[in-house]
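Notes for the structure review
Below, each chain spelled out in residue letters.
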Amino acid sequence: MATFTALTTLTGKDQAEALAAALETLHPEPTGVGIFEMEDGSGLWEVGGYFDTDPDQAGLALLASMHGARPFAISELPDTDWVAKVRRELVPVEAGRFFVYGSHDADKVPADAEPLLIEAAMAFGTGHHGTTQGCLRALDRLVGQGFAAHSVIDIGCGTAVLAMGAARVWPDSVLGTVLASDIDEVAVEVARANVIANDLGGRVTCLEAMGLDHPVIASAAPFDLIFANILKGPLIDMAGDVTAALAPGGRVILSGVLNEQADEVIAVYRDAGNSLEYREEIGDWTTITLAK
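Cut-offs and rules
- Residues numbered from 1 in each chain as written.
- Predicted model: local features only at pLDDT ≥ 70, side-chain atom pairs only at ≥ 80, totals over all residues.
- Heavy atoms only, no water.
- Helix = DSSP H or I, 4+ residues; strand = E, 2+ residues; numbered from the N terminus.
- Buried < 20%, exposed > 50% of the residue type's maximum accessible area, 1.4 Å probe, protein only.
- Contact = heavy atoms within 4.5 Å.
- Areas by Shrake-Rupley, 256 points an atom, 1.4 Å probe, with all protein chains shown as cover.
- Core = buried A, V, L, I, M, F, W, Y, C linked by side-chain atoms within 4.5 Å.
- Pairing = 2+ DSSP bridges.
- Axes fitted to C-alpha atoms, helices over the stretch in contact; angles between N-to-C directions.
- Phe/Tyr/Trp six-rings, centres within 6.5 Å; stacked < 30°, edge-to-face > 60°.

Another aspect to go through is the overall build of the protein. The secondary structure content of the protein amounts to ten helices and 14 strands. For the protein, the proportion of its 292 residues judged to be buried stands at 48%. Long-range pairs, those at least 24 residues apart, make up 70% of the contacts in the protein with a sequence separation of at least 6. Carbon and sulfur atoms make up 52% of the accessible area of the protein, which amounts to about 13,600 Å² in all.

Core analysis: the largest hydrophobic core is formed by 37 residues, its most contacted members being L136, V152, W170, V204, L225 and F227. Mapped onto this core, the elements with two or more residues apiece are β5 (93-95), β6 (98-101), α4 (130-144), α5 (161-169), β9 (177-182), α6 (185-197) and β11 (223-229). Per element, the largest residue contribution to this core is seven residues, and it comes from α5. With residues up to four places along the chain from it excluded, the contact list for F227 reads C135, L139, V152, I153, D154, I155, L162, A166 and I253.

So, on to the sheet that holds strand β8 (residues 151-155). What the seven strands build is an open sheet, ordered β10-β9-β8-β11-β12-β14-β13; its pairing is mixed. Strand pairing shows two members of the sheet lacking a second neighbour, β10 (205-208) and β13 (275-282), which therefore form its edges. Neighbour-to-neighbour, the strand axes of the sheet open up by a mean angle of 15 degrees, direction not taken into account. Relative to strand β14 (residues 285-291), β13 is paired through seven bridges, and the arrangement is antiparallel. In the strand pairing of β14, Y278 is matched with T289.

Using the criterion set out here, one finds two aromatic pairs in the structure. Ring plane angle 35 degrees and centroid distance 6.0 Å describe the contact between F99 and Y101, whose orientation is recorded as tilted. For the pair F99 and Y101, a shared accessibility class is recorded, and that class is buried. Relative to W170, the ring of F147 lies with its centre 6.2 Å away and its plane at 70 degrees, an arrangement referred to as edge-to-face.

Before going further, it helps to spend a moment on the sheet that holds β5. Read from one edge of the open sheet, three strands run β5-β6-β7, paired in mixed fashion. Each of the sheet's edge strands pairs with one partner strand only, and the pair in question is β5 and β7 (114-117). Taking each pair of neighbouring strands and ignoring which way they run, the sheet shows an average axis angle of 25 degrees. Of the strand pairs in this sheet, β5 and β6 are connected by three bridges, and their pairing is antiparallel. Bridge assignment links V93 to a residue of β6, and that residue is V100. Packed onto the sheet, α4 meets β5, β6 and β7 and runs at close to 40 degrees relative to β5.

In this section: the pairing of strand β3 (residues 44-51). Along β3, seven of the eight residues are buried, which leaves the element largely enclosed by surrounding structure. The pairing of strand β2 (residues 32-37) with β3 spans six bridges and is classified as antiparallel. Paired with V33 across the two strands is G49, which belongs to β3.

Let's shift gears to the side chain of T5. When you line up the elements, T5 lands in strand β1 (residues 3-11). In this structure T5 touches G49, Y50, A73, I74, S75 and L77, once residues within four positions along its chain are discounted.

Right, let's talk about the environment of E189 for a bit. By the element assignment, E189 lies in helix α6. Judged by its relative accessible area of 44%, E189 falls in the partly exposed class. Residues E189 and L207, spaced 18 residues apart in sequence, show a C-alpha to C-alpha distance of 9.1 Å.

Treat this as a map of the structure, not an account of what it does.
So, in structure tokens, the structure goes:
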């Protein structure tokens, strides 16, 4: 079956949500509609629809004009087994002591590595993105310096790879609490599946939560280590809450920050009571480690 995509960009979240809602009224109806903020600092939002048949191009043009968006770019996707394709192309990733791999590469895990199994179908958080890789490298660096955490939370956990990394490097005798939270219900289910696949059931608890707003998170605070691999805007908004939830002497590892955004994020967290310990650029992305 052929699949068609229709993509456009426009300024502003409210405008993007309005266009997405209008897109769902088209005939033939899209099988799915999504919006996300472009991560290039442009302030643009992308709106996209997926269709089983060739979409109404005149209707799309009218919607774009009505909502101040660029004309929709319409494409037909090839009939591809995407999971199989990703499995072929998704090579294992080494980030310090961590080795992130899919089950098809289980025979490649080095004997001295901390293995983290993430299936190719599990979307964001495979370790290939510079943000996830940067956080794992930051964790590896802290462990190498002798830092030990009793309580850890991974905010915006995605696949829970960071929470699982913490559970791998510190034994039960050191690490008491590891939480992995996300606002997306599907991400939380993926995280739980990954925790089980990595034999970490009972060591990592996965929660659906908006930031730190959950009674389990509140009762577990303060944390010795907080991961927040999100985006610049939410990271800045959460600076006060994150700092309040961080134990004295604790560390916070931030990512999802473009290189040109890093100084602003660091300044906000400094003002909240933290000091910069380390920063690393991987591609277009910066990972920041701060201490309270």
